[in-house]
Amino acid sequence: MDASQIAAIESKWRKKWADEGIYEPDPDAKKEKRFVTAAFPYPNSPQHIGHGRTYTTADVYARYLRLRGYSVLFPMGFHVTGTPILAMAKRIAAKDPDVLKVFRDIYGIPDELSATLTEPKALVSHFSSEIEEGMKEMGYSIDWRRKFYSFDPKFNCFIQWQFRKLKELGYLIKGEYPIAWCPLDKNAVSAHDTRGDVDPELEDVTVIKFATQGNAHLVVTTYRPETLYGVTNIWVNPKAEYVKAQYRNETIIIAKKAAEILNLQMGLKIIGPVAAEEIMKMKAKNPLTGEEVPVFPASFVSEEIGTGIVMSVPAHAPYDYLALRDLGKADMKMPQVVELKGYGPAPAKDEVEKLKVKSQDDPLAEQATENIYTKEAHEGVMAVGKYKGEKAIAAKEKIAQDLAREGSAFTIVTIANGPVYCRCGGHVVVNILKDQWFIDYGIPAWKAKAKQCLDGMRTVPDKARDEYLYTIDWLKTRPCTRAAGLGTRFPFDESKMIEALSDSTLYMAFYTIAHMLKEHDEKDMDEAFFDAVILGTGPKAQDPKLKKLRESFLYWYPCDSRHSAGDLIRNHLTLYIFNHVAILDTPLWPRQIVTNGFVLMDGMKMSKSMGNILPLRKAVKEYGADVIRFSVVSGADLASDTDFSRTVAEGTRSRLAFIGSLVEAAAKQKTARLHGRADKWLLSRLNRKINAAKALYESCQMRQLGLEIFYDVVSDLKWYEKRTESPNLHAFFMKWAMLISPFMPYHAEEYWHMLGGKGMAASGKFPEYDEKEVDAQVEMGEELVRAVHGDVEKIGQLLGKKPQKVGIYVASDWKHGLYHLVREHKLLPKVMQEAAKDALLRPHMKDVPKAAAQLVKNAHSLPDVLHEKEELAALRDALGFYKKEFGCEVAIEPEEKGAHPRAKNAMPGKPAIVMS
RNA sequence: GCAGGGGUGACGGAGCGGCCAAACGUGCUAGCUUGAGGGGCUAGUGGUUUAGUACCUACGCGAGUUCGAAUCUCGUCCCCUGCACCA
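This text gives an overview of the structure that appears in the document.

Each value, and the rule that gives it
- Residues numbered from 1 in each chain as written.
- Chains lettered and ligands numbered in written order.
- Predicted model: local features only at pLDDT ≥ 70, side-chain atom pairs only at ≥ 80, totals over all residues.
- Heavy atoms only, no water.
- Helix = DSSP H or I, 4+ residues; strand = E, 2+ residues; numbered from the N terminus.
- Rg over C-alpha atoms; globule rule 2.2 N^0.38 Å.
- Buried < 20%, exposed > 50% of the residue type's maximum accessible area, 1.4 Å probe, protein only.
- Contact = heavy atoms within 4.5 Å.
- Areas by Shrake-Rupley, 256 points an atom, 1.4 Å probe, with all protein chains shown as cover.
- Near = heavy atom within 4 Å.
- Polar contact = N/O pair within 3.5 Å; in protein donor to acceptor, adjacent residues only side chain to side chain.
- Nonpolar A, V, L, I, M, F, W, Y, C, P; charged D, E, K, R; others polar.
- Arc of directions from axis to C-beta.
- Pairing = 2+ DSSP bridges.
- Axes fitted to C-alpha atoms, helices over the stretch in contact; angles between N-to-C directions.
- Core = buried A, V, L, I, M, F, W, Y, C linked by side-chain atoms within 4.5 Å.
- Right-handed = clockwise from strand over helix to strand, strands pointing away.
- Disulfide = S-S within 2.5 Å.
- Salt bridge = Lys/Arg side-chain N within 4 Å of Asp/Glu carboxyl O.
- Phe/Tyr/Trp six-rings, centres within 6.5 Å; stacked < 30°, edge-to-face > 60°.

### Topic: the overall build of chain A
Scanning chain A from N- to C-terminus turns up 32 helices and 30 strands. In terms of C-alpha radius of gyration, chain A reaches 37 Å, well past the compact-globule figure of 29 Å for 916 residues. Structurally, chain A occupies a C-alpha span of about 115 × 75 × 55 Å along its principal axes. By residue count, 54% of the 916 residues in chain A fall in the buried class. In chain A, once contacts between residues fewer than 6 apart in sequence are set aside, the share between residues at least 24 apart is 76%. With the model as given, the accessible surface of chain A reaches about 40000 Å², and the carbon-plus-sulfur share is 52%.

### So, the protein's contact with RNA strand B
For RNA strand B, the set of nearby residues contains 44 residues, the closest of which are Lys476, Arg482, Asn571, Asp791 and Pro911. Of what RNA strand B places within 4 Å of the protein, 41% of the atoms are sugar or phosphate. In this structure, a sugar or linking oxygen belonging to RNA strand B sits 3.0 Å away from a side-chain N or O atom of Arg703. Between RNA strand B and the protein, one listed contact pairs a phosphate oxygen with a side-chain N or O atom of Lys718 at 3.5 Å. Among the elements that line the surface near RNA strand B, the one with the most residues is helix 22 (residues 646–668), at five residues. Looking at the surface near RNA strand B, its residues break down into 20 nonpolar, eleven polar and 13 charged.

### Description of helix 30 (residues 848–856)
Among all positions of helix 30, only Val848, Ala851, Ala852 and Leu855 are buried. Down the axis of helix 30, the buried set is contained in an arc of 100°. They therefore lie on one face. Those residues of helix 30 hidden inside the fold are in contact with helix 28 (813–825) and helix 29 (828–837).

### Notes on the sheet that holds strand 24 (residues 592–596)
As summarised here, the arrangement of the five strands in space is 2-1-23-24-18, forming an open sheet in which the pairing is parallel. Both outer strands of the open sheet, strand 2 (71–73) and strand 18 (458–460), are each paired with one neighbouring strand and no more. With strand direction ignored, the average angle separating the axes of adjacent strands in the sheet is 15°.

### Let's talk about the pairing of strand 9 (residues 250–255)
In terms of burial, strand 9 is a largely internal element, five of the six residues being buried. Summarising the sheet, strand 6 (residues 216–222) and strand 9 pair through three bridges and their orientation is parallel. If you follow Ala216 over to strand 9, its bridge partner there is Thr251. Two elements, strand 8 (residues 242–247) and strand 9, share six bridges in a ladder whose sense is antiparallel. Paired with Lys244 across the strands is Ile253, a residue of strand 9. Remark: two residues form the turn of the hairpin made by strand 8 and strand 9, two consecutive strands paired antiparallel; Arg248 in that turn has positive phi of roughly 50°.

### With respect to the nonpolar core
Nonpolar side chains in soluble globular proteins tend to be buried together. Ile49, Phe733, Trp736, Phe743 and Tyr882 are the most contacted members of the largest nonpolar core, which has 191 residues in total. Apart from residues lying up to four places away in sequence, Phe743 is in contact with Val60, Asp626, Arg629, Phe630, Val633, Ser634, Tyr697, Met702, Leu705, Gly706 and Ile709. Formed by 54 residues, the second largest nonpolar core is a distinct cluster that contains Val231, Val301, Met382 and Ala392.

### Here's the deal with the pairing of strand 24
Burial of strand 24 is extensive: five of the five residues sit out of reach of the surface. A two-sided burial pattern is seen for strand 24, the buried positions comprising Gln592, Val594 and Asn596 on one face and Ile593 and Thr595 on the other. Here strand 23 (residues 561–565) pairs with strand 24 via four bridges, running parallel. Across the sheet, the residue bridging to Arg562 is Ile593, located in strand 24. In this fold, the crossover linking strand 23 to strand 24 by way of helix 19 (residues 572–583) has right-handed handedness.

### Quick look at the state of the cysteines
On inspection of all chains with the given rule, the structure shows zero disulfides. Free of any disulfide, Cys157 has its nearest neighbouring cysteine sulfur in Cys480, separated by 18 Å. For Cys157, a relative accessible area of 14% gives the class buried. Free cysteine: Cys700, not disulfide-bonded; nearest cysteine sulfur from Cys559 at 12 Å.

### Some remarks on the pattern of salt bridges
Counted according to the given criterion, the structure contains 55 salt bridges. The shortest N-O distance in the salt bridge between Lys147 and Glu132 comes to 2.8 Å. Separated by 15 residues along the polypeptide, Lys147 in the loop between helix 6 (120–137) and helix 7 (153–168) and Glu132 in helix 6 bring together distant segments of the chain. A salt bridge links Lys165 to Glu527, with the shortest nitrogen-to-oxygen separation between them at 3.1 Å. Of this pair, Lys165 sits in helix 7 while Glu527 sits in helix 17 (residues 527–535); the two residues are 362 residues apart in sequence, bridging distant segments of the chain. Judged by relative accessible area, Lys165 falls into the buried class, the value being 8%. Connected through salt bridges with shared partners, the residues Glu24, Asp26, Asp143, Arg145 and Arg146 form a single ionic network.

### Some thoughts on the sheet that holds strand 25 (residues 599–601)
In spatial order, the strands read 26-25-27; together these three strands make up an open sheet with mixed pairing. Among the strands making up the open sheet, the edge pair consists of strand 26 (604–605) and strand 27 (642–644). Sitting on the sheet, helix 2 (residues 49–67) touches strand 25 and strand 27, and the angle it makes with strand 25 is about 150°.

### Re the packing of aromatic side chains
By the definition in use, this model includes 53 aromatic pairs. Arranged with centres 6.5 Å apart and planes meeting at 20°, the rings of Phe78 and Trp144 form a pair that is stacked. Of this pair, Phe78 sits in the loop between strand 2 and helix 3 (84–93) while Trp144 sits in the loop between helix 6 and helix 7, placing them 66 residues apart in sequence. Trp144 carries the same exposure label as Phe78, and that label is buried. Each ring, one from Phe148 and one from Tyr507, has its centre 6.5 Å from the other, and the planes form 75°; the classification is edge-to-face. A residue pair is termed long-range when its members are at least 10 positions apart, and Phe148 in the loop between helix 6 and helix 7 and Tyr507 in the loop between strand 22 (493–498) and helix 16 (508–511) qualify at 359 residues.

What follows is the structure, encoded as structure tokens:
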């Protein structure tokens, strides 16, 4: 089948499924329900095959449950909350060449189309329908009636209600919060607002105050307060501008640029300039030791980092030592603070000399600093002071706290990976938001409830459980509003927007009613409205207009299976648990969360910069939905990343073509024929797989399923095709089509109808495991046929010629008896002793020792074997096959009938072969 | 540093106490097939050896438990991911 044929088949069944409405379930009292959801997509670009993994996993699972007779709801919506969509629209409007290039080259979006996407709404509309189309093409069994966007007014009402509930519970609090901020835009910035998509990382840094003779303090920035014991001097950059400024009720001296950067968070009042030369005349008093130290010049000091003033600890900071050496003061006394094994009293000096660093401007200085800092942090022990003998890393915290308590130090927040620039060109700084709203996930009682929910919930894979547990403990206060972005206004401060991770924690409930809200005006959707629908309480609880909504909610809730990529355990999925336990009663808490890994492209992470992104719709066009579904989901264990490669997709396609040709033949088979041994073998294997598949589907073991019900089946069929003259596969495929249908719904449907199946495969029944069709004897027999076939071929190869005649001689039953004696008794003397007592073996005592000796070697690992008669029956069944394969006469006899002495070598499970 | 995961063939990865020189897939090699724009089929793919076999060397490194270990125990080295407000 070529791509257009596949596309035709797919659209045929897609239409049929839609017409029959099998994915649009409504509450049905007669049926048990299953509610499956997957994290809704964020439509700021088209989706690629990586996005397909979670949705396909969820869809396979949903389709499986449907076949098991459940009423299954799998809905979908779109998440548009936050700033990325705004940022994207802005970049398109500004004709950002990077964005346009990605759209053009990767997603095939012409510039003319991009040019229409400059408004957020237009962008959302275009990409969401693009994604929706893709999902339909993939065959996802989604109920699209329930689609909504997270900026829909009715959804906003729901989210505002959720936040009112959180507030009532006392889970919302207000406080200060440091954020990355652009002073030009006067706005918070995150990765997508910055040049080069850098995520600004905030970091606490200690500032220590050194008193001077005047009333001003020199404020020095340090990552290592514990080294304060070893300060020999203070550094300023002679080329930098410094100022006096008022900070709270003190006067400090700080670099001018630093003051500008820190002004927002510190609230400084500039008094006037101070020349660096002036500062260098000062003496600065170490708040810890009381010692007065001089101020020296150094070029390595940056006026933009921290306060633009640093302290000098030459024994432990390579830059400080280098700067002193550059000044010709290397002979200065350098007090040791930290003891480091393998180094002298001045590790910084040792390291500088070891690396042969030339000066403070030598790039090697950075290397030396990193080496010393890492080593001292991990292995260093305090050599002096109050915390002598303790690990340096622990002392650091304690000393910083001590100093802060005394008022000799404070903390500032800096951008660790700075400087970072906003797309508008502004230098990103840290701002402290005064009335930031938080959700307080740190409340112990709430955490306890979340854990209780986890206890009663299934996590797939099971080992993800620990990560949830960890995250539940780790979560603390979390900001829940932002100044800008799409979404829902914060009900207690309408100037703020609810942040993107906070409005997607309870929204699954909205799916249960989303399609029924047309007759309700959002003005009526107040607190009482949702109290009635979701909680069944409040003044509107008895409102007949809301009864249907309430019923729908109660029918579908709780969510039976939530699907997402594993990286969301750390935030979204755990917040999902928290919010559910906060607002809903125990029976409505989540039942199961399934997390999966990513999709790699030919072993590499997909990324825009590498250009190796395969858009989902393009992939479907090329390979057909079923091949993509299968490739994306069955290539690796659920939790690990899977690799998509074209060769694998090709392989899947060609295997499907092979199966297709057999199905076609089976479809022509008018009447059911009786099954021969090979048919029975195949059916026996299939039934085992059906049995195993149930458990595998239940636990979303897609990889294992792929192996069992596809790859294994293909190789079974290959053998079968060779083995039988006239395939008899109708019954086999009727079952198999249903078995594979959750994975490959289109092919399954097509096959099902080709074979004359009744109704739709997509809404049919999961195949029954028929124990009567499982026959271990037949399976072992077929294994034997296969093994003998392989052996004959191998011998033929070694002989280097085609055989004239092949004799296959089956071991006598007395050997079988011996076989079991060896299995039981293991040791040769014991076996011989028992053999002598055995009526079956006694007549063959002259042959027993040799055979026994051979068997005893593997006494601990002898597999089950068939009796002589069964071996004969199995092999004789394959006589025609053998003749055809070997192209000569074939005799299959008990070993006594063999004239050749080699016939006597026969062993149970290992017939003797004589070729001439 | 803390937390989690992992080290197996050319590669992705199975196996988690014995039918294991290692599933399944990919790659590679050979043969066949007029198939020719990421073909199809068959066989092979650690070494030696043999009429289908057997043995040796292999599952990061070292030691131990066991009749038997990739699989269990202990030690050791190395690698990856996350550490927060970002959807």
